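A look at the structure
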Amino acid sequence: MEHSLVQEKQKTGFSEWMLRLPSILYLVMMIVIPLIVIIQDGFREGISGLVHQITLPIAWHAILLTLWTSALMTIINALMGLVTAYVLVRYDFPGKRILNAIIDLPLSIPTLVTGVMLVMLYGPQQALGSFLNESLGLQIIFAPPGIVLALLFISFPFVVRTVQPVLEDLDRSQEDAANTLGANSWTTFRKVVLPALILPTLSGGLLSFSRAVGEFGAVVIVAGNIPLKTQTAAVYVLGAVESENRLGASAVSLLLIAMSLFVLMTANIIEKRWGAHQ
Amino acid sequence: MNKDKKGLGAWTLILLVIIYMGFLIIAPIFALIKGAFQDSFDAFWQSLTSTAMLDSLWLSLKIALLVVFIQAIFGSLIAWVLVRQDFPGKSILNNLIDIPFALSPVVVGYMLLLLFGRNGFFYPVLDALNIKIAFAVPGMFLATLFVSLPFMIREMIPVIINLDRQQEYAAATLGANKWISFWRIIFPQMKSAFIYGISLTLARAFGEFGAVLVIGGGVQGRTETATLFIFRSIEERQNIEAYTASILLGAFSVLIVSLADSFKNAQKKKQKMGSIEVRR
């Protein structure tokens, strides 16, 4: 844009500091201080104390459950998010606008309400829930499938909304060329469209993973709180806080923070890379 | 291209998406609506007007409105500083903002407990001054403030980047002071993002659960927000209460966000028409 205007040298006057100082103070007090305190608390008994707390059987089980349900959700969400974005951008069909509006609903519905909704649908006393349980032996509520469903619900928009704009901006002439040269639609998709969508799909998937690892409201309702069975890491932290197991709460919290931030940063790096390609 | 003639493959994909979204999102929503009205409308109404429900809704509303007020001020301020000023450490600040998105709400509540709870970092000071933050409303307010921090800032940043600076320079040249130029020229351009940011913050604040549970404890009548009321109702198997409150909360959030959405789209249309007129 107007580079000459934007880059014009500004000297920092009184009014700039009046804006800058409160901003910095607010962020430091809200985010930096709480983070420092929890890091200091988690390492109170050194790294070995931290590792010991994390590898206690109940904590370790909760962490593994969180990781595999989040990973399974990410794979399904990446695949279905990609398909959904493709269908919404490339095809016209009745009801498309409604579908497009529904995608954002999980972002505004409180996650606790999501949990309640899933229990209403798949709970043992509900028609669908008891049918699945009796005829297929498939238990969803108070079991890992419920966790995966809850995570899929809350993170559905992430992949769709990352892939959609990229697909909309994609240059169609390459596809036309491929078609003209005799490629069938599957080959065209695989060779021309898919390569452009891989990074956005990956980035959206990682975003949803980082969101899922710490999810609490939906999961606590759907999975219950059964140690060594359906207790996830976030629910474990709640239990540790309630039973005054301070080091355990801090240690698992720190692991959750580290995982989420690492995955989020990776997603941001990927996003920058495909931004640079365009 | 193949927009009008769809083959079998296209219809398979469309059907797959409809079924997937139907099962994943639409079916649970309908299950909730059906559940809330399963007994009768009277039962729904009775639970809606119970004291515990009204108290919890009122507390949620108070916390959410105060959070929105603070976030509107500081969110706009931080966005402005990040776009318009340059100083060492700015990129660190920029990265800090997304951290609340990535943290588990339980961890957020727990961090505040480490700061303000018994044995907490600030506890001696607070105790001496007789201020109660943990297991009280101020702590729940802080928790909600933390989780909703990024929304306002992330909405405002792109708008401030795209502000038309020619107009600001023109105003300054014509002798307008910064204050006048802000209200007359800058704010009108930011209005729709401002309202959108407020709505997202409000919806998020109203629906916060994990963080306020840990820091507030969910004592009925004192620190019980609407989400904590739902949680207690589920645990006590008061299903109608839980469903009624859930439906209310879900409808409220969806309504706020979609109102803001339509406002944003209307503004966009208006701006587009304006620019066409100018070009002509």
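Quick caveat: nothing in here was measured; it's all calculated off a predicted structure. (Residues numbered from 1 in each chain as written. Chains lettered and ligands numbered in written order. Predicted model: local features only at pLDDT ≥ 70, side-chain atom pairs only at ≥ 80, totals over all residues.)

1. Things to note about the overall build of chain A
The test is simple: Comment: elements are numbered from the N terminus, with helices defined as DSSP H or I runs of at least four residues and strands as E runs of at least two. Residues with at least 20 other C-beta atoms within 10 Å of their own are called buried, those with 12 or fewer are called exposed, and the rest are partly exposed. The C-beta atoms themselves are positioned from the backbone. What counts as a contact here is a pair of residues whose C-beta atoms, placed from the backbone, lie within 7 Å.
When helices and strands are counted, chain A shows 14 helices and zero strands. Taken from N to C terminus, the helices and strands of chain A fall in the order α-α-α-α-α-α-α-α-α-α-α-α-α-α. Each principal axis of the C-alpha atoms in chain A carries an extent, and together these give about 70 × 65 × 35 Å. Here chain A holds 278 residues, and 42% of them are scored as buried. For chain A, the proportion of contacts with a sequence separation of at least 24, taken over those separated by at least 6, is 75%.

2. Thoughts on the overall build of chain B
Keep this limit in mind: Computation of the radius of gyration draws on C-alpha atoms alone. For the globule rule, the value is 2.2 Å times the number of residues to the power 0.38.
A count of helical and extended segments in chain B gives 14 helices and zero strands. Counting from the amino terminus, chain B carries its helices and strands in the arrangement α-α-α-α-α-α-α-α-α-α-α-α-α-α. Over its C-alpha atoms chain B spans a radius of gyration of 23 Å, topping by over 25% the 19 Å that the globule rule assigns to 280 residues. In terms of its C-alpha atoms, chain B occupies a principal-axis envelope of roughly 70 × 65 × 35 Å.

3. Details of the interface of chain A and chain B
How we decide: Under the grouping applied here, Gly and all other residues not named as nonpolar or charged are polar, the nonpolar ones being Ala, Val, Leu, Ile, Met, Phe, Trp, Tyr, Cys and Pro and the charged ones Asp, Glu, Lys and Arg.
Taken together, the contact between chain A and chain B spans 61 residues of the former and 65 residues of the latter. Ranked by the residues each element gives to the side of chain A that touches chain B, the list is headed by helix 2 (residues 14-42) of chain A, at 15 residues. In terms of residue class, the side of chain A that touches chain B is built from 44 nonpolar, 10 polar and seven charged.

4. A closer look at the domain arrangement of chain B
Residue and element names in this part refer to chain B. As a reminder of what qualifies: Residue ranges for the domains trace back to a domain assignment, done automatically or taken from a database.
Each domain of chain B was delimited in the assignment, giving domain 1 (1-36) and domain 2 (40-279). Using C-alpha coordinates to define each centre, domain 1 is positioned 32 Å away from domain 2. Each side of the interface is counted separately: domain 1 has four residues, and domain 2 has five residues. Here the side of domain 1 that touches domain 2 is composed, by residue class, of three nonpolar, one polar and no charged.

5. A word on the packing of helix 9 (residues 149-161) of chain B against helix 11 (residues 178-207) of chain B
Working note: a packed helix pair is described by the angle between its axes plus the distance between those axes. Residues and elements named next belong to chain B. Counted only if it meets this: Each axis is a line fitted through C-alpha atoms, and for a helix only the stretch in contact is used; angles between axes span 0 to 180 degrees, taken between their N-to-C directions. Any angle that falls under 35 degrees is termed roughly parallel, while one over 145 is termed roughly antiparallel, one within 65 to 115 roughly perpendicular, and all others oblique. Should the near helix be turned counterclockwise from the far one by less than a right angle, the crossing is left-handed, whereas a clockwise turn marks it as right-handed.
Packing of helix 9 against helix 11 brings their axes to within 8 Å, and their N-to-C directions diverge by 165 degrees. Regarding the angle of helix 9 to helix 11, the classification is roughly antiparallel. Pair helix 9 / helix 11 crosses with right-handed handedness. In this structure, helix 9 contributes Phe151, Met152, Glu155, Met156 and Val159 to the contact, and helix 11 contributes Gln189, Met190, Ala193, Tyr196, Gly197, Leu200, Thr201 and Arg204.

6. Quick notes on unusual backbone geometry
All names here are of chain A. Although it is not a glycine, Leu228 adopts a positive phi angle of roughly 65 degrees. Structurally, Leu228 can be placed in the loop between helix 12 (217-223) and helix 13 (233-242). In this structure, Glu244 takes a positive phi of about 55 degrees despite not being glycine. Its place among the elements puts Glu244 in the loop between helix 13 and helix 14 (246-277).

7. Things to note about the confidence of the model for chain B
Rules: pLDDT is a residue-level measure of predictor confidence that goes from 0 to 100.
Per-residue confidence for chain B gives a mean pLDDT of 88, with 95% of residues at or over 70. For this predicted complex, the interface score ipTM comes out at 0.89, alongside a pTM of 0.90.

8. Examining the nonpolar core
Nonpolar side chains in soluble globular proteins generally cluster together in the buried interior. Which entries qualify depends on this criterion: What makes a nonpolar core is a set of buried Ala, Val, Leu, Ile, Met, Phe, Trp, Tyr and Cys residues, with links drawn between C-beta atoms within 7 Å.
One finds Val116, Val237 and Val252 of chain A to be the most contacted residues of the largest nonpolar core, which totals 152 residues. Ranked by the residues each element gives to this core, the list is headed by helix 9 (residues 144-169) of chain A, at 14 residues. Not counting residues within four places of it along the chain, the set of residues in contact with Val237 of chain A comprises Ala249, Val252 and Ser253 of chain A together with Val106, Val107 and Tyr110 of chain B.

9. Quick notes on the domain arrangement of chain A
Residues and elements named next belong to chain A. If you check the domain split of chain A, you get domain 1 (12-42) and domain 2 (49-277). If you average the C-alpha positions of domain 1 and of domain 2, the two centres end up 32 Å apart. Listed by partner, the interface residues are four residues for domain 1 and five residues for domain 2. Tallied by class, the residues present in the side of domain 1 that touches domain 2 amount to two nonpolar, one polar and one charged.

10. Considering the environment of Trp68 of chain A
Along the chain, the position of Trp68 of chain A falls in helix 4 (residues 57-90). Taking the C-alpha atoms as reference points, Trp68 of chain A and Val148 of chain A, separated by 80 residues in sequence, lie 9.3 Å from one another.

11. Observations concerning the packing of helix 3 (residues 51-84) of chain B against helix 9 of chain B
Residues and elements named next belong to chain B. Viewed as axis vectors pointing N to C, helix 3 and helix 9 meet at an angle of 45 degrees, and their least axial separation amounts to 8 Å. The angle between helix 3 and helix 9 falls in the class oblique. For the pair helix 3 and helix 9, the crossing hand works out as right-handed. On the side of helix 3, the interface is formed by Gln71, Ala72, Gly75, Ser76, Ile78, Ala79, Trp80, Leu82, Val83 and Arg84, while helix 9 contributes Leu149, Met152, Ile153, Met156, Ile157, Ile160 and Ile161. When its residues are assigned to classes, the contact of helix 3 with helix 9 shows 13 nonpolar, three polar and one charged.

12. Some thoughts on helix 2 of chain A
All names here are of chain A. Note the threshold: Take the residue count of a helix, subtract one, and multiply by 1.5 Å to get its expected span. Note on bend: at a given residue it equals the angle between the axes fitted to the 7 residues ending there and to the 7 starting there.
Here helix 2 contains 29 residues, and its C-alpha end-to-end distance of 41 Å stays within 8% of the 42 Å for a straight helix at 1.5 Å per residue. Of all the bends in helix 2, the greatest measures close to 40 degrees and is centred on Val28. Residues of helix 2 that are buried: Arg20, Ser23, Leu27, Pro34, Ile38 and Gly42.

13. A look at the confidence of the model for chain A
Residues and elements named next belong to chain A. Here chain A averages 89 in pLDDT, and 95% of its residues register 70 or above. Confidence, expressed as mean pLDDT per element, reaches its minimum in chain A at helix 1 (residues 3-6) with 43 and its maximum at helix 4 with 96. Taken as a whole, residues 1-9 scores under 50 in pLDDT and shows three contacts with residues more than four places along the chain or in a different chain.

14. Details of the environment of Gly75 of chain B
Residue and element names in this part refer to chain B. Within the secondary structure, Gly75 sits in helix 3. C-alpha separation for the pair Gly75 and Ala251, spaced 176 residues apart in sequence, amounts to 26 Å. Once residues lying within four places of it in the same chain are set aside, the contact partners of Gly75 are Met152, Ile153, Met156 and Gly197.

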